[in-house]
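The chain contents come next:
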Amino acid sequence: MSQMFVPQYDILDKDSIRIKNAPVSLVNKCPEVIESFQETYGTKPDFISHSPGRVNLIGEHIDYTDFSVLPLSFERDMLCAIRVHDPQSNPSITLTNADSRRFAGRKFDLPLDGSHINIDPSVSDWSNYFECGLYVAQSYLKEICPEKFQIKPLVGMDVLCQGDVPVGSGLGSSSAIICAVTLGIIRANMGHGYRIPKADLLRITSVAEHYLGVNNGGMDQAASIYGQRGHALSVSFKPELKVVPIEFPKMNKDWDIEFIVADTLVEVNRYDTASTNYNLRVVEVLIGANILAMHYGVVMNYPLDSNVRKGNLRDFMNAYLGLHRSQVPFEINDSIESRIQQLELMLELTEECLGDKKEGHTADEVSEALECSKEEFTREYLMLFPIRFQILKIYKRAKHVYSEALRVIKTLKLFKDTTAETNNFTFYHEFGELMNASQRSCDELYECSSLEIDKICSIALNNGSYGSRLTGAGWGGSTVHLVPNGPNGCNVEHVRNALIEQYYKKQYPDITQEVLDNAIIVSKAAPGSCIFEC
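Residues numbered from 1 in each chain as written. Predicted model: local features only at pLDDT ≥ 70, side-chain atom pairs only at ≥ 80, totals over all residues. Heavy atoms only, no water.

A. The pattern of salt bridges, seen in detail. The full count for this structure, using the stated rule, is 30 salt bridges. The partner of Lys357 in a salt bridge is Glu365, with the nearest N and O atoms 2.8 Å apart. Residue class for Lys357 comes out partly exposed when judged on its relative accessible area of 27%. A salt bridge links Lys393 to Glu447; the shortest N-O distance between them is 3.1 Å. (Salt bridge = Lys/Arg side-chain N within 4 Å of Asp/Glu carboxyl O. Buried < 20%, exposed > 50% of the residue type's maximum accessible area, 1.4 Å probe, protein only.)

B. The arrangement of the environment of Asp356 in detail. One can find Asp356 in the loop between helix 11 (336-354) and helix 12 (363-370). For the pair formed by Asp356 and Tyr395, sequence separation is 39 residues and the distance between their alpha carbons is 8.7 Å. (Helix = DSSP H or I, 4+ residues; strand = E, 2+ residues; numbered from the N terminus.)

C. Quick peek at the side chain of His231. By the element assignment, His231 lies in strand 7 (residues 231-236). Accessibility expressed as a relative area gives 14% for His231, which makes it buried. A distance of 2.8 Å separates a polar side-chain atom of His231 from the backbone oxygen of Arg229. Setting aside residues no more than four positions away along its own chain, His231 makes contact with Leu72, Pro245, Ile246, Glu247, Phe248 and Ala525. (Polar contact = N/O pair within 3.5 Å; in protein donor to acceptor, adjacent residues only side chain to side chain. Contact = heavy atoms within 4.5 Å.)

D. Geometry of the pairing of strand 6 (residues 157-163). Across the seven residues that make up strand 6, a large majority, six, are buried. Bridge count between strand 4 (residues 92-97) and strand 6: five bridges; the pairing is parallel. Within strand 6, the position partnered with Thr96 by the bridge is Leu160. (Pairing = 2+ DSSP bridges.)

E. Representation of the packing of aromatic side chains in the model. Enumeration over the complete set of coordinates arrives at 19 aromatic pairs. Here Trp255 and Phe425 contribute two aromatic rings whose centre-to-centre distance is 5.8 Å and whose plane-to-plane angle is 75°, an arrangement assigned as edge-to-face. On the criterion of sequence distance, the pair formed by Trp255 in the loop between strand 8 (242-247) and strand 9 (256-263) and Phe425 in helix 15 (residues 424-444) is long-range, its members being 170 residues apart. A relative accessible area of 24% means that Trp255 is categorised as partly exposed. On the basis of relative accessible area, Phe425 is assigned to the partly exposed category, the value being 25%. An aromatic cluster is present here, built from Phe248, Phe259, Phe415, Phe427, Tyr428 and Phe431 joined pairwise through their rings. We note Lys310 situated over the ring of Tyr381; from NZ or CZ to the ring centre the distance is 4.6 Å. (Phe/Tyr/Trp six-rings, centres within 6.5 Å; stacked < 30°, edge-to-face > 60°. Lys NZ or Arg CZ within 6 Å of the ring centre and 35° of its normal.)

F. Examining helix 5 (residues 173-190) more closely. The end-to-end C-alpha distance of helix 5 is 26 Å, a good match for the 26 Å that 18 residues give at a rise of 1.5 Å each. Counting buried residues in helix 5 gives 16 out of 18 residues, a clear majority hidden from the surface. (Expected span 1.5 Å × (residues − 1).)

G. The nonpolar core, seen in detail. Judged by nonpolar contacts, the single largest core of 147 residues is most densely connected at Phe248, Phe316, Phe377 and Phe431. With sequence-adjacent residues up to four places away left out, Phe248 is seen in contact with Leu57, Leu72, Gly230, His231, Ala232, Phe259, Phe415, Tyr428, Phe431 and Ala525. By size, the runner-up hydrophobic cluster in this structure holds 17 residues, among which are Leu26, Val27, Leu160 and Cys530. (Core = buried A, V, L, I, M, F, W, Y, C linked by side-chain atoms within 4.5 Å.)

H. Spotlight on the sheet that holds strand 10 (residues 467-471). Read across the sheet, four strands follow the order 10-11-9-12 without closing on themselves; strand pairing throughout is antiparallel. Only two strands of the sheet have a single partner each, and these edge strands are strand 10 and strand 12 (520-523). Within the sheet, the average angular offset between the axes of one strand and its neighbour, ignoring direction, is 25°. Of the strand pairs in this sheet, strand 9 and strand 12 are connected by four bridges, and their pairing is antiparallel. Residue Ala262 lies in a different strand from strand 12, and its bridge partner there is Ile520. Relative to strand 10, helix 16 (residues 451-461) is tilted by about 160°, and along the sheet it contacts strand 9, strand 10 and strand 11 (478-485). Contacting strand 9, strand 11 and strand 12, helix 17 (residues 492-507) runs over the sheet at an angle of about 15° to strand 9. (Axes fitted to C-alpha atoms, helices over the stretch in contact; angles between N-to-C directions.)

Right, dumping it as structure tokens:
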């Protein structure tokens, strides 16, 4: 990945948006954030760090198995206004939130010996995300400047956070705050002139939520940091972490493409439900990979620093193709055509090996398939993360991962095959069909949809959406809809009004206009993380 740096802006105006790709939301919100900071702390901030939320267009629950995904960053974000204390003062951090009714202020005294603060994942509080950002930023500072930060504290600071990424909606609100905080802590300690490589910011923030017990894969942070106006982001994890912006095809002069993000208003706390939802899926796909490896006699290679110490479904695919290269009826390379054939083969192997247990495996059946004792299976797999289950649905989870990875590659092929002569209405129709197939797989195989998600998707599709699916892990949260927008808001307003009348007013008869305005977001792809020097 070529060296790219987090943008820094000294002036925010229309030229910054047009010429320097500054986020529109940052330009619009900065005066309000600066005013709130002055009211809270009696002085102006030194700078504001910004990171947006994200919408995953396709590629659900496959980032933590190292398969490529296709998100974009959108026009909702987290802003952290920061004033750095005098380095000679006692180091502490005062943390406030513009929405003080929901998010109480906190104060942290920083250890004088340069050690890390303690993070308690058992306490559910918004400041946990700040602490995660602080933790990884401090580790990075020790790495790049050990003589200054190894045994000395970070600088103290006053911080005001203001965000409008809906919390618990699967739109990357936790990643937005972690990325903005990490960026802000590094800038505060390294000074105005330090340029922060995007690759470094991604590397350190992608593991930040592990300190809260959630094994996320890095997609959210990649989208938040690398976002680009008018582009989706192809995020791949192997053989190396790589982010490639892909421009959306232009429609004719009277039409454009918009994304409607509709919140079910079913809030999902990933940490409280992880044992039966997110973490359980991580364990199930790990088990699937290792059953496949045992069945086909391959040895998987995986990073020694892997926090799960097990190969995943991508590792199995690589190991199988390496072992059986001479018997595979196609050339193995990194071309889109080869990757499609590789994933189609994996789906055949999944059916062959796991298809007789379509409804699930018991723990005893998994132990037998892995040729280990139940005690060893429990120790090696069931204690990786806190999980609860009655049956392990290995076949369904593996089939979803491989078929979803295939849909992502087919989407990339759509982009690749699009030329100036392409009918872009056809492009978006085909893209929408892949999104719809993704939603069916999330519902039937990964079982991470919900009645509310299904209802919203059905309404949108019946009123003009080309493609509708859950986004951001599911079990509630948000949905994303690919909608062509014509003159005078044709289509977008039609879909929006249908959702209001047929879902929100029926599901929540007492819904306020403020909640409704926040529940439906119409957005295009937006720029990623940046800093504004006040």
